[in-house]
Amino acid sequence: MSFLEMRDVHKRYGGVRALNGADLFAERGEVHALLGANGSGKSTMNKILTGIAAPDQAELRLDGEPLRVTRPQDAHRLGIAAVYQELSLIPDLTVAANVGLAFEATTAGFLRPRAIRSRAEAVLRRFAGAFSGDRLPVDVPVGQLSPGEQQVIEICKAIAREPRVLVLDEATASLHAAQVEVLFDVVRQLRDDGILVLFTSHRMGEIYALCDRATVLRNGEVAGAVQLAETSEAQLVEMMVGRQTGVAESTGATIPMAAERQPVVLQVEDVVGDRLAGVSLEVHAGEVLGLGGLAGQGQSALLAAIFGAQRRRSGRLLLDGRELRIRRPSHAVAEGIAFVPGNRAREGLLPVRPILENLTLASMRGRAVVPGVLSQKRERAAADQAVEQLRIKLGSVNDPVSTLSGGNQQKVVVGKWLLEQPRVVLLDDPTKGIDVAAKDELYEVIARLTEEGVAVILNSSDDEELLGLSHRVLVFYEGRVVDELHRADLSRDRLVASSLQVVDR
Amino acid sequence: MSGTQVRPPQPDATGSSDAGDRARDAMAWLMAGRLPTATAFVLLAIAFAINVVVNDNFLTAFNIRSIMANALPLAAVAVGQTIIVIGRGIDLSIGVTAALASVVTVTLVEPLGLLPAMAVGLATGAACGLVNGVLVGIVRLQPIVATFATSFVWAGLALWVLPPAGSGEAAPRMPQGFTQGFRDTTLGIPNGAWLLLGLVGLWLLLKRTRFLRHVYAVGGDELAAYATGVRVVGVQVLTYVVGGAFAGLAAFAMLANSGSGDALSGGGLTLISIAALVIGGTRLSGGAGGAGGTVVGVLVLQLLSNIVVALRPPTEMRQLIDGLLVIAALALAGLWSNRRGGR
Amino acid sequence: MSATETRVTDSGGRPDVRDLLRNPVVLAGIVAVLLFVVGNLLVPGFGSYGTVMNVLRVAAFLGVIAAGQTIVILAGGEGIDLSVGKIATFSAIVVAQVSGGEDGRLLLAVATALLFCGLVGVVNGVGVAYLRIPPLVMTLGMVAVVQGIIRVYSGGQPEGRAPAALSQLVNARTVLGIRGSVWIWLIIAVGVVALLRRTTFGRRVYALGANRETAYLSGINVQRNLVLVYVASSLFAALGGVMLIGYSGAASISLADQYQLISIAAVVIGGTTLAGGVGGYLGTVIGAVVLQALTSLLVALNIGAAGRQIVNGLILIVLLSAYGRQRRLRQ
Amino acid sequence: ACGGNGGDGGNGGDGQDTAGTGGEEGGEAAAGPFTIGVSNGFTGSEWRTQMIANIEEVFAEYEEQGLVDELIIESDDVDEAGQIEQIRNLVNQGVDAIIINPNSPDALNAAFEEAAAEGVNIYAVDQAVTSEAVRNIVIDQSEWAQISAEWLAEELGEGAQIVGVNGIAGHPANEARWGGAQEVFEEHGIEVVAQGNANWSQAEGQTVMQELLGQYGDTIDGVWAQDGVAEGVLRALIDEDRLDITTTGEARAGYLRLWDEAGIDTIGVVNPPGVGATALRFALLELQGESIDESQLENGNTVFLPLPDSVTSSELDAWLADVEGQPDGYSVDVILSEDEVRDYLQ
Ligand SMILES: Nc1ncnc2c1ncn2[C@@H]1O[C@H](COP(=O)(O)OP(=O)(O)OP(=O)(O)O)[C@@H](O)[C@H]1O
Ligand SMILES: Nc1ncnc2c1ncn2[C@@H]1O[C@H](COP(=O)(O)OP(=O)(O)OP(=O)(O)O)[C@@H](O)[C@H]1O
Ligand SMILES: [Mg+2]
Ligand SMILES: [Mg+2]
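Residues numbered from 1 in each chain as written. Chains lettered and ligands numbered in written order. Predicted model: local features only at pLDDT ≥ 70, side-chain atom pairs only at ≥ 80, totals over all residues. Heavy atoms only, no water.

Under an unreviewed UniProt entry, the name given to chain C is Sugar ABC transporter permease, and the source organism is Egicoccus halophilus. Taken from UniProt, the Subcellular location (unreviewed entry) comment for chain C reads in full: "Cell membrane". (UniProt positions renumbered as here; feature names shortened; annotations may be inferred.)

Novice: Can you help me understand helix H15 (residues 376-390) of chain A in this one?
Specialist: Each turn of an α-helix holds 3.6 residues, which means side chains three or four residues apart point in the same direction. With 15 residues, H15 of chain A should cover 21 Å at 1.5 Å per step; its first-to-last C-alpha distance of 21 Å lies within 8% of that length. Buried residues of H15 of chain A: Glu-379, Ala-382, Ala-383, Ala-386, Val-387 and Leu-390 of chain A, and no others. Down the axis of H15 of chain A, the sector holding all buried residues measures 135°, keeping them to one side. More than 90 degrees from the buried face of H15 of chain A, the exposed residues found are Lys-377 and Glu-388 of chain A. Buried residues belonging to H15 of chain A abut helix H13 (355-360), helix H14 (364-367), helix H16 (406-418) and helix H17 (436-451) of chain A together with helix H9 (200-210) of chain C. Phi turns positive one or two residues past the end of H15 of chain A, at Arg-391 of chain A, with a value near 45°. (Helix = DSSP H or I, 4+ residues; strand = E, 2+ residues; numbered from the N terminus. Expected span 1.5 Å × (residues − 1). Buried < 20%, exposed > 50% of the residue type's maximum accessible area, 1.4 Å probe, protein only. Arc of directions from axis to C-beta. Contact = heavy atoms within 4.5 Å.)

Novice: I keep staring at the site of ligand 2 and nothing clicks. Help me out?
Specialist: Residues and elements named next belong to chain A. Around ligand 2 sit 17 residues in total, of which Ser-146, Arg-275, Gln-299, Ser-300 and Ala-301 are the nearest. His-176 places a side-chain nitrogen or oxygen 3.0 Å from an oxygen atom of ligand 2. Gln-310 is positioned such that a nitrogen or oxygen atom in its side chain is 3.0 Å from an oxygen atom of ligand 2. In isolation ligand 2 exposes 630 Å². Once the protein is present, 80% of that is buried. Residue assignment for the shell around ligand 2 shows that the elements contributing at least two residues are helix H5 (147-159) and helix H10 (299-307). Counting residues per element, the shell around ligand 2 draws most heavily on H10, at three residues. Split into classes, the residues belonging to the shell around ligand 2 amount to two nonpolar, 12 polar and three charged. Summarising the domain contributions, the shell around ligand 2 has at least three residues from each of domain 1 (4-243) and domain 2 (245-336 + 423-505). (Near = heavy atom within 4 Å. Polar contact = N/O pair within 3.5 Å; in protein donor to acceptor, adjacent residues only side chain to side chain. Areas by Shrake-Rupley, 256 points an atom, 1.4 Å probe, with all protein chains shown as cover. Nonpolar A, V, L, I, M, F, W, Y, C, P; charged D, E, K, R; others polar. Domains from an automatic or database assignment.)

Novice: Even after reading the chapter, I still don't get the confidence of the model for chain D, so can you show me in this structure?
Specialist: Residues shown with low pLDDT carry predicted positions that ought not to be read at fine detail. Residue and element names in this part refer to chain D. When pLDDT is averaged along chain D, the result is 85, and 91% of the positions lie at 70 or above. Per-element confidence in chain D ranges from a low mean pLDDT of 87 for helix H11 (residues 338-342) to a high of 95 for strand S8 (residues 222-225). Under a pLDDT of 50 for its full length, residues 1-28 has, in the predicted model, 90 contacts with residues more than four places off or in other chains. Here the complex is predicted with pTM 0.87, and the ipTM for its interfaces comes to 0.85. (pLDDT = per-residue confidence, 0-100.)

Novice: Teacher, can you tell me more about the UniProt feature "transmembrane region" (unreviewed entry) in chain C here?
Specialist: Residue and element names in this part refer to chain C. UniProt feature "transmembrane region" (unreviewed entry): in the numbering of this structure it lies at residues 25-43, 55-76, 106-130, 136-154, 175-196, 227-249, 261-291 and 297-323. Segment residues 175-196 splits into 77% helix and 0% strand. End C-alpha atoms: 30 Å apart. Taken as a whole, residues 261-291 contains 65% helix and 0% strand, while its terminal C-alpha atoms sit 12 Å from one another.

Novice: Would you take a moment to explain the coordination of the magnesium ion (ligand 3) for this structure?
Specialist: A metal bound by six donors in octahedral fashion has ideal angles of 90 or 180 degrees, whereas one bound by four tetrahedral donors has an ideal angle of 109.5 degrees. At this site the magnesium ion (ligand 3) is bound by Ser-43 of chain A (OG) and Gln-85 of chain A (OE1), with donor distances of 1.9 to 2.0 Å. Placement of the pair is Ser-43 of chain A in helix H1 (residues 42-50) and Gln-85 of chain A in the loop between strand S6 (80-83) and helix H3 (95-100), with a sequence separation of 42 residues. (Donors = N, O, S within 2.8 Å, 3.2 Å for Na, K, Ca; no water.)

Novice: How should the interface of chain C and chain B be read in this particular structure?
Specialist: How big an interface is tends to be reported as the loss of accessible area on association of its parts. Contact residues are listed per partner, giving 54 residues for chain C and 47 residues for chain B. On inspection of chain C and its partner chain B, the count reaches zero salt bridges. Seen at the junction of chain C and chain B, the total is two residue pairs in polar contact (both at pLDDT 80 or more). Sorting the residues of the side of chain C that touches chain B by element identifies helix H6 (135-154), helix H10 (212-217), helix H11 (222-248), helix H12 (259-269) and helix H14 (305-323) of chain C as the ones contributing at least two each. Considering each element in turn, the side of chain C that touches chain B owes the most residues, 13 residues, to H6 of chain C. Among the residues making up the side of chain C that touches chain B, the classes are represented as 32 nonpolar, 13 polar and nine charged. (Salt bridge = Lys/Arg side-chain N within 4 Å of Asp/Glu carboxyl O.)

Novice: What am I meant to see in the packing of helix H4 (residues 141-156) of chain D against helix H5 (residues 172-187) of chain D here?
Specialist: A pair of packed helices can be characterised by two numbers: the angle between their axes and the separation between those axes. Residue and element names in this part refer to chain D. Interaxial distance between H4 and H5 falls to 7 Å at its minimum, and their mutual angle equals 35°. Here H4 runs over H5; the crossing is right-handed. When H4 is examined against H5, the residues Gln-141, Ser-142, Trp-144, Ala-145, Gln-146, Ala-149, Glu-150 and Leu-152 are found in contact with a partner set consisting of Ala-176, Arg-177, Gly-180, Ala-181, Glu-183, Val-184, Phe-185 and Glu-187. For the contact of H4 with H5, the residue count by class is eight nonpolar, four polar and four charged. (Axes fitted to C-alpha atoms, helices over the stretch in contact; angles between N-to-C directions. Left-handed = near helix turned anticlockwise from the far one by under 90°.)

Novice: Got a minute to help me understand the pattern of salt bridges in this structure?
Specialist: Pairing is possible between side chains of opposite charge, provided their charged atoms come close. Evaluation of the coordinates by the stated rule reveals 51 salt bridges over all chains. For Arg-316 of chain A, the salt bridge goes to Glu-323 of chain A, with nearest N and O atoms at 3.0 Å. Between Asp-328 of chain D and Arg-257 of chain D there is a salt bridge; the shortest N-O distance is 2.7 Å. Taken together, the residues span a long stretch of sequence, with Asp-328 of chain D in the loop between helix H10 (316-322) and H11 and Arg-257 of chain D in helix H8 (residues 253-262) at a distance of 71 residues. With relative accessibility at 8%, the residue Asp-328 of chain D sits in the buried group.

Novice: What exactly am I supposed to notice about the sheet that holds strand S9 (residues 165-169) of chain A here?
Specialist: Two orientations exist for strands paired in a sheet by backbone hydrogen bonds: parallel and antiparallel. All names here are of chain A. One open sheet accounts for six strands, arranged S6-S9-S10-S3-S11-S12; its pairing is mixed. The strands lining the two open edges of the sheet, one partner per strand, are S6 and strand S12 (221-227). When the angles between neighbouring strand axes are averaged without regard to direction, this sheet yields 20°. When S9 meets strand S10 (residues 196-200), the two strands line up parallel, connected through five bridges. Within S10, the position partnered with Leu-166 by the bridge is Val-197. In the packing of helix H8 (residues 233-241) onto the sheet, the strands contacted are strand S3 (31-36), strand S11 (213-218) and S12, and the crossing angle to S11 comes to about 30°. (Pairing = 2+ DSSP bridges.)

Novice: Which parts of the structure should I look at to understand the environment of Ala-251 of chain C?
Specialist: Tracing the sequence through the fold places Ala-251 of chain C in the loop between H11 and H12. Judged by relative accessible area, which is 9%, Ala-251 of chain C ranks as buried. Sequence-wise, Ala-251 of chain C and Gly-77 of chain C are 174 residues apart; in three dimensions their C-alpha atoms are separated by 34 Å. Not counting residues within four places of it along the chain, the set of residues in contact with Ala-251 of chain C comprises Ala-92, Ile-93, Ala-96, Pro-158 and Ile-245 of chain C together with Glu-46 of chain D.

Laid out in structure tokens, this is it:
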């Protein structure tokens, strides 16, 4: 008998079968990986455990007792806490209020702010290394933190409940390596305290670094439950996608070299703005320029500033040597610049609208039959093309995009720019939450873009990806470029050393 | 790739960063709902100053008492509306709820006595809120239309409780002391002002409760709050109940002003209450704001109309000027606030 | 139908009956029919062809005014236009005063009305998009402003009346007793549905409503399109006003005020959500018919004032409960 | 906003026979020039516009005599909380008398007493109020309704069936009128099969009539319609080609013209917006030290003004000439002269 047993779990969403008799068995004091391709049902499994989703059929047991969760409060009462794939923070409440939400210290219904604050501070202190600045942001409204810091708060919130079972659903997707390491230290400690951690991630490295055993889902069914020490990465991937792939080695291998000999496409000169203290760079046609460094050093801010989504206080942008006047994203789009933002739910999707409209949004103007008038046939053809190119798993392009799994949603966000035939592509963590196989497809897309002479700027929280894809990496620190690493001398150690070099100065 | 061997970054403790942090905290403190309220206070000061200049009768005892007495029904309704709006709701029936509560109270004064009648009136307001809350929280109707629909029901009930006079019998009235007390002063300050302060005090008390914290959470992100374990439905229902109870308080202020009830009264308060809370810095999309600002917003509106009265524009220009002034106040109130949604 | 309105199961492309029943437009249609059937039981003759035609004829005014309301609500951001009723009144008065009742000046009068109402829309749009005033209070403020303009312009006593040609157009009896106003509505409805589904503007409206941030980052000029949305709303309200003056002959200074809130109800009953991004005009068309039928039924039922209000509210609640409901929290 | 397109008026209040009100608001003579305030809580009707225009006109007359110096008009769409505010604003601006078209018969009483305590005379027009601190200068709405009801009953004869098209449900004037009309119908054995509320809006009057025709078109012989909706009712009858149904009318320019075009027989009972201006005359005479003859007051505080002659088909041409050049919304009007007003004084 296992500590946590989930047997024969079924769940349908309308016509989509998310789970079809999946099982999960996990023990106290282990970090158990829940793996699978995008849309295989991992999040659904987690949500059923925490009471957010109602299973059509399931048999759940915790510690020998039948587990009845019909709403999140039940789960909390039973000691189950979760970090969901989509954040569940209230932006306007302070960090302390968020961490304490729904189990506040009170007397006669009145809050005890000091108790609430100190409880939050205690948890945050465990993650001290994950925040920028030297003070814990306990009293700051959560909405003002960077995406990575928000993710950490989300984790703090779950841990503050002192759970018996901690669910981490892609909790590392927007974390940088250093932040991940802090998290892992905490998780290992929890594990040693006898807590069960269910861990879902698409980063293979993390899984091997942290987990003991894994349950692999495929199309809502269990494809296998394995000891990780005895299973190779290739075997795991095969279980997930059901075919042989060379994923592990392929990252970046297809990106063509020698890009720097081609002409410069985009020049950024001394851009100053929020979190940017003067950044200059050049990208060549067919080049992938990586942005590296610690979390929150202005990489995302730079992409947003180039795209006109964030104000520039000074600095110039030149495309093919011609100065651009980009004050808002529509100007950038008109110049052939594409931007895949880092937060897909908030910035990348029209959740209630059909997949088709999401895919064609940025490019519909060019396809209009008469200015302003759309042809259904052309729209459909364009959408189908993107679906095929990125192998988006869907029922119908007319379904709301919110019904897709996280990874497939991310593909839609990327796909909308492929129809636009851009000159410059700005990617902010484009593979966040994408499974290994799909990542590969996306890498191929990036390779194809470079072959066509498109200039790509890539910010990624995943160092492997950055190393594998980039021709050059610019290392950021406090809103400045502090180092430039070329393909030839690009290695993990160099990157890490360079990111931390400020310590030596 | 399993060998992630990066040291956690060392936060550098230079002096400049410290100052930066303090500035960031100060900014955060202001943006956490306080800046919009500060804006409302600035507007209040401006409106006050203009009044002093243009209105000779502004600082007379009668006028100050009038302003307070006029403001009170709207303020009570607007505080209730604010709580509902913070929870990402809205109550288009709140003015009519006040009307229903007022006619219930006034008709019961004679048979039951003042205090029991007021208790029933308050309960009537809360009960209307309960129905709204159930429709929004449990039946999950969209607040604007659900409360639009119930406003008809409350209006019908009010007409039924107190049909318009005309049949020759005397309309029920509030006791003389009730209306008189409203106009008196205590310690040199009009009782209306004391009651207004009481309203703010009530809000400050509520704001310290767990309930209101959860109202903010539900208004900020309903699904996130649900996932975190907030009893979203219960919170929503209770928000409307509390809002309805404030409408009950507004009913007392209306009765104190008028001395007797009227089934067709109060409806006008609904939409103005929303304007007041927006000026006071509460966001209509929920999750931010507060009733302190709302009360300031009510006073701003009151003083603006006082200015127009004093300036005596041609009659036919009056509504035009009123409308433009309200829009100007709304725009100014938004200028310094971080209203989200929409670029 | 827009994509979400005709969601079919992926199991073969044939619309499932249960899915159809979940479609707000279909549901609203069923309710409309039910209302006439039940009405006929309560008041014999209520379901007659003549009554239905009469309801449609008057529903046309609400329907046209609610077209703009639909667009505003679809564009999200708590979008709502409380000024449509007043703008329609303004438009009617402009038509009456400018035309002076002469057919020859009809086109000039209508153009003038559309121009000035369009300007009101611009102000609404600028307030919402650039000054960031929440739509509800912005358009509420404009109610007072437009009322003020009406008083200044008409002196509180509008002169002139509807040109005979306009009255004939709106009230004409055509085949099967269908009135002119219904045909006008039909043409406008086809236009609005096409606008929302087949044009880049329509797509942008939905995008603005679904997620403004995404729309912005996808290269849509959010502010400019928002202004257009409010202009569209004012223009449809103005058209409704033109039709109303044709119907009632003389302009009065509160002619169309009643449409302020009921136009929102028509949109919501038609399955458009106030959060924006979901819904369409077809639903609003049915919503307008449902609400007009309800009004007629209440007149026909002949109950006292208090009772009528209560029944009106209760039926509205029942209608909304049938399909105006939001998603449940638990999936 | 409440109030309606025109015919909102008041009933005589609560029949309590309260003796002399004397005291604060009449009596003592003061030297001019006086300041006059006007409070109007509803702007969405032409009738109200005309009422205010009349007041301004008569005020100008007195201004020339140097008797008054300022006219402060508070006119907006407000409920009675808003109207209480209007009253307080006027008092604060130092007016000597207030002419008010009240939104409620009872709910302003406390504000009236407050104003009276500040030495302000108050005159309610159109709609009577119950406060003893106020003089009501109104027409008797019930009597107003009964004139056209009598006419209709006589036209149709016993046993006829009719429908009523009214103003705002629950509005005191509406209830007083409909109550008065129903009495007449009962007396004459006329059956009222249904009534609809058209909120004193012509467009709504047209729709309501259309709906009533749909249901009861085959059975009814007549329609009793209030002013503010009668033109809409007539339009519906013309549109449906049912001029065989007899309807009552209204004394407004637009209606008179349509009446002429349609060539029907009907009646238009006058409800003069000039009542506001008439009240202004009362106000100034009382401010100058005269006071109302108590014996002329009904219910202790109400002066019922005589109803002017109604418009009838036989004299339609003369009336049409009278309203020549006036907008459609113009109501046939009467303002009492100062001499006529003196008849009510001691
Ligand atoms: N709310 C929903 N409505 C409709 N379909 C849904 C919903 N949530 C999930 N699904 C579908 O259920 C399936 C499983 O989704 P789930 O989110 O569990 O996948 P996942 O394994 O977490 O994928 P990812 O790695 O991309 O996060 C997918 O096909 C998805 O489209
Ligand atoms: N503390 C903060 N206060 C205000 N805005 C912030 C803050 N942190 C980040 N942002 C905003 O969020 C965006 C991301 O910032 P940045 O580029 O520094 O982060 P990043 O490198 O992507 O880090 P992360 O990995 O945490 O996402 C930028 O648009 C920035 O303006
Ligand atoms: Mg997932
Ligand atoms: Mg980032």
